[in-house]
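Examining the three-dimensional arrangement
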4 protein chains.
Amino acid sequence: MPTIKEQASAGSDRAEQKRAEILAAAMDAFAENGYHATKISDIAGRLGMGHGTFYRYFENKLDIFVSVIDLIIEKITSIVETDYPTATNSAAEYHQQIIRLGERIFQVFRADMRFGTILFYEALGVDQALNSKLETMLDMIAMVTELYFKNGVEKGFLRQDLDTLVLSKAITGVLVAGVRDVLAAKDPEATTKRWSKAIAGLMIGGMG
Amino acid sequence: MPTIKEQASAGSDRAEQKRAEILAAAMDAFAENGYHATKISDIAGRLGMGHGTFYRYFENKLDIFVSVIDLIIEKITSIVETDYPTATNSAAEYHQQIIRLGERIFQVFRADMRFGTILFYEALGVDQALNSKLETMLDMIAMVTELYFKNGVEKGFLRQDLDTLVLSKAITGVLVAGVRDVLAAKDPEATTKRWSKAIAGLMIGGMG
Amino acid sequence: MPTIKEQASAGSDRAEQKRAEILAAAMDAFAENGYHATKISDIAGRLGMGHGTFYRYFENKLDIFVSVIDLIIEKITSIVETDYPTATNSAAEYHQQIIRLGERIFQVFRADMRFGTILFYEALGVDQALNSKLETMLDMIAMVTELYFKNGVEKGFLRQDLDTLVLSKAITGVLVAGVRDVLAAKDPEATTKRWSKAIAGLMIGGMG
Amino acid sequence: MPTIKEQASAGSDRAEQKRAEILAAAMDAFAENGYHATKISDIAGRLGMGHGTFYRYFENKLDIFVSVIDLIIEKITSIVETDYPTATNSAAEYHQQIIRLGERIFQVFRADMRFGTILFYEALGVDQALNSKLETMLDMIAMVTELYFKNGVEKGFLRQDLDTLVLSKAITGVLVAGVRDVLAAKDPEATTKRWSKAIAGLMIGGMG
DNA sequence: TATGAATGAGCTTTCATTCAT
DNA sequence: AATGAATGAAAGCTCATTCAT
């Protein structure tokens, strides 16, 4: 039984679904061949539809690429934003909190392998505005990470002289490297765990 | 006295120089506008030469872009490869060695800002083969880093249970993040030092 | 009491009215944007109707444009055709007759500014057949004008050696120029009068 | 033997000539099929050249059309501008002067039948800027004509109360009608003379 | 009868690459 | 060896028209 909202906007729902289908096909195409090598007719062809139809749902090629990127960023943002640091009573609890944040972000990329491919391989160098959008996303992750670190410093779980700004950016870099490695790994599950453990060890006690 | 190679290619010395000039111009162009937005005639125009001449020195557009990438990778590789871990007597000395490796790599990117721009912003998504080439370069850095780590573990300067493989990749990720940050920083000098210190601290003693 | 024709097409009365509505909307659109810049969906949009509906009332885009032109030409033709030269007793009366013809035609264009815009600005260069249709309309005006002139010559109100054919075409050209000028004028009323007076003077006594 | 200028700009002369060739082919195409029905490949095809070559010599389609129009307007302008009213001693001489102006303009259109076709049939409704350019050209003709008329009024060859502004526009309208008629005439030569005579008669003595 | 989603022919424009000079 | 005019494949995008609902 359709919800009221579904009934009210039956026609627009159809369109919304079609738009989603095209978006999905575009995501496949972009992940496989990148932005420039993907033709509008490729995307349309994957759905067996005429390429003119594409333009009923998206302004142009850049528009759909940005939409794809936005979709991915939104997923990551929603994870990160709902996961602000909360009160913790022990260092152990605090460490758990940080590790959970990292694992959640990992999870997003593991859930859909195309995300990483598009974000870290195909999205750069397409458009100036897109570049800064990606930068902004990484900055946002770093900012939330820094919140955790600052919180840890305040609570005394972390060193008082910690350069939280640089370290949050560094850890974001680690995150990206980890995602890339997991994307390429034969056993992503095991690889993920290995990264979690190694990074936790690094952060907590260093390498010495 | 000219070397054998120089004698054999006496006539091609000029050619070699011209090739280098074109390569330099291409590097500027690619760093400024990216692969797709750079036209062969742009590169030729920067040298005041006819764009037909370009094809006497390079196969095609992808060829020169790969050559540019190769040039950059070569520079980094030469730094990394000449810097294999050597005997160290103390942990302090060992730490110094690692930090020096990182600083040398940083140095390459700071010496020529175009390197980072091309490698981390413009080179991705151009060509499948190029993507793997970049991966390979990062892997190579990670491999050398791992050598250091294994050496440190052996000598007892680092934890015995250290996951050297993952950590070397993670540290490479930190390196990339650092280079990006320095590229965008107002005061690259200071930023570089800040990163060095923060990362050394992280690696040696963790954040706790 | 409905006429036979009205009875026969009782059901199509609504259709006829809708056709007229679409025609009116098309006239606005064509006058504003010209033939090529006007989209079928523009016309439909002005009526808040689906653009597929358009094709129930008109064959295609050219069809409706021709219909618009025909409508305008019909209006002009009806004025001109009902205004054949009649008996006049004096030169003054005769002059009045000619001037009235001109003013009536002017009136048609002043009553609906779109007529002139479409006919003299937008209709040309669309279609070969349309070009000749416009020629034909101008010829028709010229022909009626010539009838007046011939009548004037016969009655002795005009010179015996008058080249009525050429002069009728020339006066038609004046008419077109006048309409264009009035279309662009700030005070169409005054401009119309000024033209009437000047042209009457020219025709009656020349410029000398 | 090439002139100095030809020697100095040998390369640019070639280009100039090619440009002229393309312009000529475009003029044929536009005159035959109008702006919208003419494809760039049509123009290129007429010269047996690749359509990409076109873009080495012209910005785009509108650019070459404007160039064609400008060429025509320039011809007419050069006639009109070099023919300003000069001192005349008698009414007869003055009349001759006016008639000569008209005949010269006629001449331009008779010399190349495409001029009239493009200007009066194909150029309108293509582009707003082009429309005003054509208006401006007609205005310019009218302005020069008015100069003659004002001169005639001053010298006493024409009526003192003459509405020179309106009449100059009217005569320009006659001119256009005449050109159109001659373009369509079987014997353009004879038709031209007939128009000259009839218009001269109208202007000098009216129709009465 | 009305609709608007779907279609694809058809156009303009770009630019890497070739090759005659 | 150097040039740059010529080329045409290739792609994005528009919109008149069709037709299933």
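About the cut-offs
The numbers attached to residues start from 1 for each chain and follow its sequence in the written order. Here the convention is simple: chains get letters from A, ligands get numbers from 1, in the order in which they are written. In keeping with the predicted nature of the model, local features appear solely for residues at pLDDT of at least 70, side-chain atom pairs appear and are counted solely at 80 or more, and the whole-chain, interface and lining totals rest on all residues. Processing note: side-chain calculations cover all non-hydrogen atoms of the structure and skip hydrogens and water entirely. Numbering of helices and strands starts at the N terminus; helices are DSSP runs of H or I of at least 4 residues and strands are runs of E of at least 2. Buried, partly exposed and exposed residues are distinguished by accessible area as a fraction of the type maximum, computed with a 1.4 Å probe on protein chains only: under 20%, between the cut-offs, and over 50%, respectively. Two residues form a contact once any of their heavy atoms are found within 4.5 Å. Every accessible area reported is derived by Shrake-Rupley at a probe size of 1.4 Å, with residue values counting cover from the shown protein chains alone. Charge assignment in this entry is limited to Lys and Arg as positive and Asp and Glu as negative, and neither His nor the chain termini are counted. One atom stands in for each charge, and that atom is NZ of Lys, CZ of Arg, CG of Asp or CD of Glu. Values labelled buried area give the accessible surface lost by two parts on being combined, using a 1.4 Å probe and summing over both. Each salt bridge in this description consists of a side-chain nitrogen of Lys or Arg and a carboxyl oxygen of Asp or Glu lying within 4 Å of one another. Within 3.5 Å is the distance limit for a polar contact, defined as a pair of N or O atoms, with the added protein rule that one can donate a hydrogen and the other accept it, and that residues adjacent in sequence qualify only through two side-chain atoms. Ten residue types, Ala, Val, Leu, Ile, Met, Phe, Trp, Tyr, Cys and Pro, are classed as nonpolar, four, Asp, Glu, Lys and Arg, as charged, and the remainder, Gly among them, as polar. Here, proximity means that at least one heavy atom of the residue falls within 4 Å of the molecule or strand. Boundary definitions for the domains trace back to an automatic or database domain assignment.

This brings us to the overall build of chain A. Counting its regular elements, chain A contains 10 helices and zero strands. Its C-alpha atoms give chain A principal-axis dimensions of about 60 × 40 × 35 Å. For chain A, buried positions account for 47% of its 208 residues. Relative to all contacts within chain A whose residues are 6 or more apart in sequence, the contacts with residues 24 or more apart total 67%. Element-wise, carbon and sulfur atoms account for 54% of the exposed surface of chain A, whose accessible area totals about 10,300 Å². Averaging the positions of the 23 positive and the 27 negative side-chain charges in chain A gives two centres separated by 4 Å.

So, about the side chain of B:Asp163. By the element assignment, B:Asp163 lies in the loop between α8 (128–155) and α9 (164–184). Beyond its immediate stretch of four places on either side in the chain, B:Asp163 contacts A:Arg194 and A:Ala198.

Attention shifts here to the interface of chain A and chain B. Between chain A and chain B, the contact holds 37 residues from the first and 38 residues from the second. A combined buried area of about 3,500 Å² lies between chain A and chain B, and 61% of that area is made up of carbon and sulfur atoms. For chain A, the biggest contributors to the area lost against chain B are A:Tyr121, A:Leu124 and A:Met207; these three give 20% of the whole. A salt bridge links B:Asp163 to A:Arg194, with the shortest nitrogen-to-oxygen separation between them at 2.7 Å. The interface formed by chain A and chain B contains 11 residue pairs in polar contact (both at pLDDT 80 or more). A class-by-class count of the residues in the side of chain A that touches chain B yields 20 nonpolar, eight polar and nine charged.

Kept free of each other, chain A and chain C leave a smallest C-alpha distance of 14 Å between them. The least C-alpha distance between chain A and chain D, which are not in contact, is 22 Å.

As a further point, take the interface of chain D and chain C. In this assembly, 37 residues from chain D lie in contact with 38 residues from chain C. Here chain D meets chain C over a buried area of about 3,500 Å², counting both sides, of which 60% is carbon and sulfur. If you sort the residues of chain D by the area they bury against chain C, D:Tyr121, D:Leu124 and D:Met207 come out on top, with a joint share of 21%. Applying the counting rule to chain D against chain C returns four salt bridges. Applying the counting criterion to the chain D and chain C interface returns 11 residue pairs in polar contact (both at pLDDT 80 or more). When residues of the side of chain D that touches chain C are traced back to their parent elements, those giving at least two are α2 (10–37), α7 (113–122), α8 (128–155), α9 (164–184) and α10 (188–205) of chain D. Counting residues per element, the side of chain D that touches chain C draws most heavily on α9(D), which supplies 10 residues. When the residues that make up the side of chain D that touches chain C are grouped by side-chain class, the tally is 20 nonpolar, eight polar and nine charged.

Next up on the list: the protein's contact with DNA strand F. Near DNA strand F, the surroundings consist of 29 residues, among which B:Thr53, B:Tyr57, D:Thr53, D:Arg56 and D:Tyr57 are the closest. Here, DNA strand F places atoms within 4 Å of the protein, and 64% of those atoms are sugar or phosphate. At 2.7 Å, a side-chain N or O of B:Tyr57 approaches a phosphate oxygen of DNA strand F. D:Gly52 is positioned with one of its backbone polar atoms (N or O) 3.4 Å from a base nitrogen of DNA strand F. For the surface near DNA strand F, the elements supplying multiple residues, two or more each, are α4 (51–57) of chain A, α4 (54–57) of chain B together with α4 (51–57) of chain D. Per-element tally for the surface near DNA strand F: the top contributor is α4(D), with five residues. Taken together, the residues of the surface near DNA strand F break down into eight nonpolar, 14 polar and seven charged.

Our next topic: the protein's contact with DNA strand E. Around DNA strand E, a shell composed of 29 residues is seen, among which A:Thr53, A:Arg56, A:Tyr57, C:Thr53 and C:Tyr57 lie nearest. Protein-proximal atoms of DNA strand E, defined as those within 4 Å of the protein, fall in sugar or phosphate at a share of 62%. One of the side-chain nitrogen or oxygen atoms of A:Lys18 is found 2.9 Å away from a phosphate oxygen of DNA strand E. Between C:Thr53 and DNA strand E, the recorded distance is 2.6 Å, taken from a side-chain N or O atom to a phosphate oxygen.

In this section: the domain arrangement of chain A. All names here are of chain A. Partitioning chain A into structural domains gives domain 1 (1–58) and domain 2 (69–205). For domain 1 and domain 2, the distance between their C-alpha centres works out to 30 Å. Taken residue by residue, the interface counts nine residues in domain 1 and 10 residues in domain 2. Contact between domain 1 and domain 2 buries roughly 730 Å² in total, counting both sides, with carbon and sulfur atoms accounting for 75%. For domain 1, the biggest contributors to the area lost against domain 2 are Met27, Ala31 and Tyr35; these three give 63% of the whole. At the surface where domain 1 touches domain 2, the tally comes to one salt bridge. Note that Arg114 and Asp28 form a salt bridge whose closest N and O atoms lie 2.7 Å from each other. Along the lines of polarity and charge, the residues of the side of domain 1 that touches domain 2 split into six nonpolar, two polar and one charged.

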